[in-house]
Amino acid sequence: MYFRSIPKVKELMIYAVILGFLGEYFFSRFLGMYTYRLENVPLYVPIGHAALYGRIFMFSKESVVRKHHKAIEQLFAIAIGIFATIYLAFFTDLFGFVMTICVFLLLLKRPKDRLFFYAMYILVAILEIGGTAFSCWKWPETAFGFFDFLPSNNPPSGISLFYFLLDISCFFIYTQINKKVWNRLKIFRKN
């Protein structure tokens, strides 16, 4: 996937591997937010973050997706709302529900980012459900295993909120390293 990507996506994927590695150690090992089966961070995980990031980036740029982005965004938003509500009702996943609300709130004023982040939410939910079902990692019964007033499911439904930190960080690094290109794009968008 890396070799088939355009240069921008390749660069973003490299940042995702580096930040994914650091983030995994910080959230898993340092904060104890979740635990991997062997109590380490498997080497495939940061690479998986890059593949996830790159795939969603490429999906959101596909011509057919861009042509129908409003309908896709609406469908994804409804699916996300239903998913988080089911997790809240049947699995007492208040932590995931609160994070899902945060996702919607963050995207209220960012309509250009909705397609990307809604798609990211859905793919992350699928991967998290699969990873926890196969006992690759486990989430505590409350938020971070610390906040008893925020019961959580394994996995919490809105955990993609933390993936957004990775996405935003990769994009921020890209804009800082490629300031000339980024400034030209901003000028182009204004005209």
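Residues numbered from 1 in each chain as written. Predicted model: local features only at pLDDT ≥ 70, side-chain atom pairs only at ≥ 80, totals over all residues. Heavy atoms only, no water.

Caption draft 1: Geometry of the overall build of the chain. Across its full length, the chain holds eight helices and four strands. Going from the N terminus to the C terminus, the chain shows its helices and strands as α-β-α-α-α-α-α-β-β-β-α-α. Against the compact-globule benchmark of 16 Å for 191 residues, the chain has a radius of gyration of 17 Å, which places it among compact chains. Counting only residues that meet the buried cut, the chain has 41% of its 191 residues in that class. Taking the contacts inside the chain whose residues are at least 6 apart along the sequence as the reference set, 70% of them involve residues at least 24 apart. (Helix = DSSP H or I, 4+ residues; strand = E, 2+ residues; numbered from the N terminus. Rg over C-alpha atoms; globule rule 2.2 N^0.38 Å. Buried < 20%, exposed > 50% of the residue type's maximum accessible area, 1.4 Å probe, protein only. Contact = heavy atoms within 4.5 Å.)

Caption draft 2: Focus on the packing of helix α2 (residues 44-61) against helix α6 (residues 114-133). Interhelical geometry of α2 versus α6 gives an angle of 135 degrees and a closest axis separation of 9 Å. The angle between α2 and α6 falls in the class oblique. Between α2 and α6 lies a crossing of right-handed hand. Taking contact as the criterion, the partners of L52, Y53, I56, F57, F59 and S60 in α2 are, on α6, L115, F116, A119, M120, L123, V124 and L127. Grouping the constituent residues of the contact of α2 with α6 by class yields 12 nonpolar, one polar and no charged. (Axes fitted to C-alpha atoms, helices over the stretch in contact; angles between N-to-C directions. Parallel < 35°, antiparallel > 145°, perpendicular 65-115°, else oblique. Left-handed = near helix turned anticlockwise from the far one by under 90°. Nonpolar A, V, L, I, M, F, W, Y, C, P; charged D, E, K, R; others polar.)

Caption draft 3: View of the pattern of salt bridges. Following the criterion strictly, the structure yields one salt bridge and no others. Residues R110 and D113 are paired through a salt bridge, measuring 2.7 Å at the closest nitrogen-oxygen approach. Given a relative accessible area of 21%, D113 falls into the partly exposed group. (Salt bridge = Lys/Arg side-chain N within 4 Å of Asp/Glu carboxyl O.)

Caption draft 4: View of the side chain of S160. Positionally, S160 belongs in helix α7 (residues 160-177). Here S160 is in contact with V103, M120, Y121 and V124, once residues within four sequence places are set aside.

Caption draft 5: Seen up close, the pairing of strand β4 (residues 147-151). Sheet topology places strand β3 (residues 142-143) next to β4; two bridges connect them, and they run antiparallel. When the sheet's bridge partners are listed, T142 is paired in β4 with P151. Where β3 hands over to β4, the hairpin turn is made up of three residues, of which F144 adopts a positive phi near 60 degrees. (Pairing = 2+ DSSP bridges.)

Caption draft 6: The environment of P111, seen in detail. Within the secondary structure, P111 sits in the loop between α5 (94-107) and α6. Take P111: its relative accessible area is 40%, and that puts it in the partly exposed class.

Caption draft 7: How the structure looks around unusual backbone geometry. The step from N154 to P155 runs through a cis peptide bond, and the omega angle for that step is 5 degrees. Here P155 is to be found in the loop between β4 and α7. If you check the backbone angles, S135 has positive phi at about 60 degrees while not being a glycine. With respect to the secondary-structure elements, S135 resides in the loop between α6 and β2 (137-138). Residue class for S135 comes out partly exposed when judged on its relative accessible area of 44%.

Caption draft 8: Spatial organisation of the confidence of the model for the chain. Of the residues in the chain, 95% have a pLDDT of 70 or more, and the chain-wide mean is 88. Confidence, read as mean pLDDT per element, is least for helix α8 (residues 179-190) in the chain (68) and greatest for helix α4 (residues 69-91) (97). (pLDDT = per-residue confidence, 0-100.)

Caption draft 9: The packing of aromatic side chains, seen in detail. With the rule as written, the count across this model stands at 16 aromatic pairs. For the ring pair F59 and F76, a centre distance of 6.4 Å and an interplane angle of 25 degrees mean the geometry is stacked. One end of the pair, F59, is in helix α2; the other, F76, is in helix α4, and 17 residues separate them in sequence. Classification of F59 as partly exposed rests on a relative accessible area of 26%. Given a relative accessible area of 16%, F76 falls into the buried group. (Phe/Tyr/Trp six-rings, centres within 6.5 Å; stacked < 30°, edge-to-face > 60°.)

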